[in-house]
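What follows is each chain in one-letter form.
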Amino acid sequence: MRIPLCLLTLVWFPSIQAGEDCRHVLGRCLSKEMWTRCYESEITSCSVKRRSLNFIHLMVNSSQEAEESPTPQHTVHIPSTCLQRISGDASQKEVLLVATVINSTLFKLSPPRIGRRRVILEKPIIKQVLGGLVLAVRAGNQSVRNLSQPVRLTFRHNRQVESGTCVFWQESHFNDGTGVWSTDGCETSETGSEYICSCNHLSFFAVLVNPALSVQSKRSAVILSNITYIGSALSIFFTIISLIIYICLQRQRPEKAIGVHLQLSVALLCLHLSFLLGSFWVWQLKEGEEGWVCGGLGLFLHWSLLATVCWMALEGFHLYLLLVRVFNIYVRRYLLKLSLVGWGIPTLIAGVCGISGVYGKYTLKIIDATNPNTTSQICWMSSQFPQMPLVSYVTTMAFPCLVILCNFCMLGLVVFKLWRLRAGGGSSGWKKMHREKGIRLWKDCATVLGLSCVLGLPWGLAGTTYISLSGIYLFTILNSLQGLFMFLWSVALTCKPRTDDNSSSKDPSSQKVMTTSFNN
């Protein structure tokens, strides 16, 4: 009796192991270091004891092509030549096909290593797996490569993404459970709402994409446009008032700092005025029509932008002379030389671009969830100009970023100087000391905020537009109202003479800071 029982146990126990539920394979393989190899080998020997979602495990006819969809977003199409190659024996008419999706967080990327082997993954920080799911496809019990007819994998999506690339998971050569996303043997095609991958092998597949931040509703797009137009109109109004104030201040007390602020205000006025003119004029043009007026307005807008950036840089340079070189410097015809730089460089660049035919009607394709064909137009650099991306990158991205970086360093120097002056000042009386410290803190904060707007540091918020929709709103509001900030700075300058007499005797360090900030 014992012998038949032992034989029955030996026969029955392997059958249990071979018939393991497919739902438990992934969890068991994850405990192993090379879990992808374990999953590929055991997923074909498991059994489906209860039908589950997102999992295909069935026998298909090797003489016919197979098409299955583990999820509504994923479809696998395998040609008959691939199935016949897998079956091998002509008598074997059916082949096991397994298709499922796995969470992309389970695939750990290999750390960068310098060596002879080339790491194929590009931009691992920016690229993301589409939908966060990896499509695993397995046919038969052996790996298949170099197929004559490629396997077609379809990834459908309803998200706003850019630059999709079909990849498969390639284990690293260090056998540490990590790997890289490789494009070898896979080709990518896009049809708008789906990516189609044609690969000559079977493996773990995914689509790496760059998430595109976009305005998801027409209402948000209209709100942002209204904010821009209203903010630019307000900036024009307040900039004109600022110019009047600066002219009056220049007559009362001619200071070089006021002259620099005056030139920056003129550049800002031209910038907002050219933006509104270019936006409104393009509405009058017909489809495909540009005209010399639109090209002239594009030149005016580009020139105004360059002039504004140049005068922001000169504001930082002037602040450098005040704080670092202090007062032991004299430059003959200082404002004239600054004007040659502030107005000459933009004129030279815009003139060269104008002769090259850069300017015209610029058409921006808006990524809209409801209408993918939505566009926005403005008189700027012509979209038809071949070198337009290069010119735009150098003059409107690289140059402003360099200026903002330098001016940010200047603002840091101002904060350091303020801290040094406050640390060196002393006061008698505990209550009086804390009261004066509070007043000084407010004055210092106002000085730093004012200088931030003058130096154009709000333009540095352009990086937030790639993070969230709130970043787009913040950047739009602050930069469209820069004329208002210049007006507030001019009002602060007019109030300075009234506070000098009261503050100079009580707070010499504060007087020194205000002199450094405002005077020449």
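None of the values given here were measured: they were computed from a predicted structure. (Residues numbered from 1 in each chain as written. Predicted model: local features only at pLDDT ≥ 70, side-chain atom pairs only at ≥ 80, totals over all residues. Heavy atoms only, no water.)

1. Quick notes on the nonpolar core
A general feature of soluble globular proteins is that nonpolar side chains tend to end up buried together.
Moving on, step 1. Judged by nonpolar contacts, the single largest core of 56 residues is most densely connected at Tyr246, Trp311, Leu319, Trp380, Met381 and Trp459.
Moving on, step 2. If you list the elements that add at least two residues to this core, you get helix H5 (218-252), helix H6 (256-284), helix H7 (291-323), helix H8 (334-355), strand S14 (375-381), helix H9 (388-424), helix H10 (430-454) and helix H12 (482-506).
Moving on, step 3. Examining the composition of this core, we find that eleven residues originate from one element, H7, more than from any other.
Moving on, step 4. When residues no more than four places from it in sequence are discounted, the contact partners of tryptophan 459 are Leu271, Leu305, Thr308, Val309, Met312, Ile404, Phe475, Asn479 and Gln482.
Moving on, step 5. The next biggest cluster of nonpolar side chains, apart from the first, holds 31 residues, and it includes Val60, Val95, Val151 and Val207. (Core = buried A, V, L, I, M, F, W, Y, C linked by side-chain atoms within 4.5 Å. Buried < 20%, exposed > 50% of the residue type's maximum accessible area, 1.4 Å probe, protein only. Helix = DSSP H or I, 4+ residues; strand = E, 2+ residues; numbered from the N terminus. Contact = heavy atoms within 4.5 Å.)

2. A short note on the pairing of strand S10 (residues 186-190)
Moving on, step 1. Strand direction decides the pairing type here: S10 and strand S11 (residues 194-199), joined by five bridges, are antiparallel. By the bridge assignment, glutamate 187 is partnered in S11 with serine 198.
Moving on, step 2. What sits between S10 and S11 in their antiparallel hairpin is a turn of three residues, with glycine 192 showing a positive phi close to 100°. (Pairing = 2+ DSSP bridges.)

3. Side note on the packing of aromatic side chains
Centre-to-centre distance and the angle between the planes together describe a pair of aromatic rings.
Moving on, step 1. Enumeration over the complete set of coordinates arrives at 16 aromatic pairs.
Moving on, step 2. Consider the rings of phenylalanine 238 and phenylalanine 487, whose centres lie 5.1 Å apart with planes at 45°: the pair is tilted. Residue phenylalanine 238 is located in helix H5, and its partner phenylalanine 487 is located in helix H12; the two are separated by 249 residues in the primary sequence.
Moving on, step 3. For phenylalanine 238, a relative accessible area of 18% gives the class buried.
Moving on, step 4. Judged by its relative accessible area of 18%, phenylalanine 487 is buried.
Moving on, step 5. Grouped by ring-pair contacts, the aromatic residues Trp35, Tyr39, Phe107, Trp169, Trp181 and Phe204 constitute a single cluster. (Phe/Tyr/Trp six-rings, centres within 6.5 Å; stacked < 30°, edge-to-face > 60°.)

4. With respect to the sheet that holds S10
Moving on, step 1. Taken together, the five strands give an open sheet; going across it, the order is S2-S3-S7-S11-S10, and neighbouring strands pair in antiparallel fashion. Looking at strand neighbours, the two that pair on one side only are strand S2 (66-71) and S10, the edges of this open sheet. Taking the axes of each pair of neighbouring strands and ignoring which way they run, one obtains an average angle of 20° across the sheet.
Moving on, step 2. Where strand S7 (residues 151-156) and S11 come together, six bridges link them in antiparallel fashion. Along S11, the bridge assignment pairs phenylalanine 155 with tyrosine 195. (Axes fitted to C-alpha atoms, helices over the stretch in contact; angles between N-to-C directions.)

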